[in-house]
Amino acid sequence: MTDHDQPSQRPAPVDSRPDLIRVTGELDLDTDHAAALDAALRRAVTDPTNPAKITVDVSGLAFCDSTGLNILIRAQLTALTHGRTLHLQAPNPQLLKLLHRTGALTLFTCDTPPAT
């Protein structure tokens, strides 16, 4: 049996509940994380029974490219049209830099990761 045949011991790339979505690993064109996050965010921001503020915990996100950025922006714009907003929890420096350089940082409320 190869390592690929073993069940994965890693956490799911996206874990969600109505008010909190956690994403881990890499969020880019080459991973299946993007589709999972897109679906979870779409459900969270369009379900009328969900709270007005939905937190996206990105503390476990190692890398995000334009694919991930587009998913987050699209979800935030959809959230706003449904009377909700996304809050990015603990974005890493790479994600903050991406958000800042693209001008997307102003679309989100977010906190910063704890100092190390």
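Remember, it's a predicted structure, so these values are computed and weren't measured experimentally.

## Side note on unusual backbone geometry
As a rule of thumb, non-glycine residues mostly have phi less than zero, and peptide bonds are mostly trans rather than cis. At Ala90, a position not held by glycine, the phi torsion is positive, near 55°. Taking the relative accessible area as the measure of exposure, Ala90 reaches 14% and is therefore buried.

## Looking at the pairing of strand E1 (residues 14-17)
For E1 and strand E2 (residues 20-27), the ladder comprises four bridges, and the chain directions are antiparallel. In the strand pairing of E2, Val14 is matched with Val23. Connecting E1 to the antiparallel partner E2 that follows it, the hairpin turn spans two residues.

## Section: the pattern of salt bridges
Enumeration over the complete set of coordinates arrives at five salt bridges. Notably, a salt bridge pairs Arg22 with Asp57, separated by 3.5 Å at the nearest N-O pair. Highlighted residues: Arg22 in strand E2 and Asp57 in strand E3 (residues 53-64), separated in sequence by 35 residues. Assessed through its relative accessible area of 8%, Asp57 is described here as buried. If you follow the salt bridges from partner to partner, you end up with Asp15, Arg22 and Asp57 in one network.

## Notes on the side chain of His87
Tracing the backbone shows His87 in strand E4 (residues 85-89). According to the relative accessible area criterion, His87 is buried, its value standing at 12%. Only 3.0 Å separates the side chain of His87 from the side chain of Thr109, close enough to count as a polar contact. Among the polar contacts made by the side chain of His87, one reaches the side chain of Asp111 at a distance of 3.5 Å.

## Remarks on the nonpolar core
Among the nonpolar cores identified, the biggest contains 28 residues, and Ile21, Leu37, Leu41, Leu72, Leu86 and Leu95 are the most heavily contacted of them. For this core, the elements supplying multiple residues, two or more each, are E2, helix H1 (33-46), E3, helix H2 (66-81), E4 and helix H3 (93-102). Non-local contacts of Ile21, meaning those with residues more than four positions away in its chain, are made with Val14, Asp15, Ser16, Leu37, Ala40, Leu41, Ala44, Ile54, Thr55, Val56 and Asp57.

## A closer look at the environment of Pro13
Residue placement: Pro13 occurs in the segment before E1. For Pro13, a relative accessible area of 23% puts it in the partly exposed group. Sequence-wise, Pro13 and Thr24 are eleven residues apart; in three dimensions their C-alpha atoms are separated by 5.0 Å. Excluding residues that lie within four positions of it along the chain, Pro13 makes contacts with Arg22, Val23, Thr24 and His33.

## A word on the confidence of the model for the chain
This prediction gives the chain a mean pLDDT of 87; 85% of its residues lie at or above 70. Confidence, read as mean pLDDT per element, is least for E1 in the chain (86) and greatest for H2 (97). Every residue in residues 1-10 scores below 50 in pLDDT, and together they form one contact with partners more than four places removed in sequence or on other chains.

## Observations concerning H1
For H1, with 14 residues, the first-to-last C-alpha span of 20 Å sits near the 20 Å given by 1.5 Å per residue. Turning to H1, its buried residues number three or more, namely His33, Ala34, Leu37, Asp38, Ala40, Leu41, Ala44 and Val45. Buried residues belonging to H1 abut E1, E2, E3, H2 and E4.

Definitions and cut-offs
- Residues numbered from 1 in each chain as written.
- Predicted model: local features only at pLDDT ≥ 70, side-chain atom pairs only at ≥ 80, totals over all residues.
- Heavy atoms only, no water.
- Buried < 20%, exposed > 50% of the residue type's maximum accessible area, 1.4 Å probe, protein only.
- Pairing = 2+ DSSP bridges.
- Helix = DSSP H or I, 4+ residues; strand = E, 2+ residues; numbered from the N terminus.
- Salt bridge = Lys/Arg side-chain N within 4 Å of Asp/Glu carboxyl O.
- Polar contact = N/O pair within 3.5 Å; in protein donor to acceptor, adjacent residues only side chain to side chain.
- Core = buried A, V, L, I, M, F, W, Y, C linked by side-chain atoms within 4.5 Å.
- Contact = heavy atoms within 4.5 Å.
- pLDDT = per-residue confidence, 0-100.
- Expected span 1.5 Å × (residues − 1).

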